[in-house]
Amino acid sequence: MSNRSALIVFAKKPLLGQVKSRFQPVVSPEMSLEIYRNFVEVTLDSVKQLSDTEIWLGCFPDSAHPWFEELSKRFELQLFDQKGENLGIRMEKAFELLSQNKFHKKVIIGTDSPHLPLHFIQSAIQYLDHSPVVLGPSRDGGYYLLGISGEPPSLFDGISWSTESVLSSTLMKLLKQKIPFRFLPEWYDIDRFEDLVSLHAYWKSLKRAGGNIPEIFFRELDRLESIQNYHA
């Protein structure tokens, strides 16, 4: 197997009421959907800057939506359907698919952290030159990134997904199998309305410091009445 690198981005089909539902009722279902689409597009716009890394978009439950086709063309992505009854199986199958396509270094992220620093992903890819597993721990007890080099180890069965024990259970599996791993810095997802307020404040501070932010999306958040009222 060559030393080729690939980044897998997991995304859901943009269906009203089925994405970012925890922003509600403070944010309407329609606005939650628009915010979700922005999350995905901001994430893809960031990761397209990765050099020598192919981007694959894992679509849930499948890629049968015009928006996915649009993203594929705009960002030059490979689309595939997520398969499996839970997140662990879907990730395992995604890693297997990339291994079958002769990628040695494989990293997977979601779209709940549109503010994820690109250099975290770059570091993960570099770490995979010397470590078989890289984890990006999340504040909620899970992980925002998982990187694997070579054939995927057995990490995905027996995990209570979407709970605060995901990371600790994964670490136990790694230690039991004596698989070396590296950690990235801790980061956090934007799941609740309060997180959305924090994201707006983070980008506002970054902008003041002269950093790069997704200007169009930031202005949309800046005009969002619920965020303005939160700060009032």
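See above for the structure.
How each quantity is defined
Residues numbered from 1 in each chain as written. Predicted model: local features only at pLDDT ≥ 70, side-chain atom pairs only at ≥ 80, totals over all residues. Heavy atoms only, no water. Helix = DSSP H or I, 4+ residues; strand = E, 2+ residues; numbered from the N terminus. Rg over C-alpha atoms; globule rule 2.2 N^0.38 Å. Buried < 20%, exposed > 50% of the residue type's maximum accessible area, 1.4 Å probe, protein only. Areas by Shrake-Rupley, 256 points an atom, 1.4 Å probe, with all protein chains shown as cover. Lys, Arg positive; Asp, Glu negative; His and termini not counted. Charge placed at Lys NZ, Arg CZ, Asp CG, Glu CD. Contact = heavy atoms within 4.5 Å. Phe/Tyr/Trp six-rings, centres within 6.5 Å; stacked < 30°, edge-to-face > 60°. Lys NZ or Arg CZ within 6 Å of the ring centre and 35° of its normal.

Visitor: Please explain the overall build of the chain as it appears in this structure.
Guide: Summing up its helical and strand segments, the chain has eight helices and seven strands in all. A globule of 232 residues ought to have a C-alpha radius of gyration of about 17 Å, and the chain, at 18 Å, matches this closely. Expressed as lengths along the three principal axes of its C-alpha atoms, the size of the chain is roughly 50 × 35 × 35 Å. Across the 232 residues in the chain, those meeting the buried criterion constitute 50%. Within the structure as shown, the chain displays about 11,600 Å² of accessible surface, and the carbon and sulfur contribution to it stands at 48%. Computed over 26 positive and 29 negative side-chain charges, the inter-centroid distance for the chain is 3 Å.

Visitor: Explanation requested: unusual backbone geometry in the structure shown.
Guide: Negative phi characterises most residues that are not glycine, and trans characterises most peptide bonds. Of note, the amide linkage connecting Gln24 to Pro25 takes the cis form, showing an omega dihedral of 5 degrees. Cis geometry marks the peptide bond from Phe60 to Pro61; its omega dihedral reads 0 degrees. When you line up the elements, Pro61 lands in the loop between strand E2 (53-60) and helix H2 (66-75). One non-glycine residue, Glu76, lies in the positive phi region at around 55 degrees. Examined against the element boundaries, Glu76 turns out to sit in the loop between H2 and strand E3 (78-81). Classification of Glu76 as exposed rests on a relative accessible area of 69%. In this structure, Lys102 takes a positive phi of about 70 degrees despite not being glycine. We classify Lys102 as exposed; its relative accessible area is 52%.

Visitor: Would you explain the environment of Phe68 in this entry?
Guide: Along the chain, Phe68 falls in helix H2. Distance from Phe68 to Leu79, taken between C-alpha atoms, is 7.8 Å for residues 11 residues apart in sequence. With residues near it in sequence (within four places) discarded, Phe68 still touches Ala11, Lys12, Lys13, Pro14, Leu57, Cys59, Asp62, Ser63 and Leu79.

Visitor: Whenever I open this one, the packing of aromatic side chains confuses me. Can you help?
Guide: This model, assessed by the stated rule, comprises 14 aromatic pairs. For the ring pair Trp56 and Phe103, a centre distance of 6.0 Å and an interplane angle of 85 degrees mean the geometry is edge-to-face. In this pair, Trp56 is assigned in strand E2 and Phe103 in the loop between helix H3 (87-100) and strand E4 (105-109), connecting sequence segments 47 residues apart. Take Trp56: its relative accessible area is 7%, and that puts it in the buried class. In this structure Phe103 comes out as buried when scored by relative accessible area, which is 2%. Here the basic side chain of Arg4 rests over the ring of Phe103, its NZ or CZ set 4.0 Å away from the ring centre. Over the aromatic face of Tyr127 sits the side chain of Arg182, whose NZ or CZ is 3.8 Å from the ring centroid.

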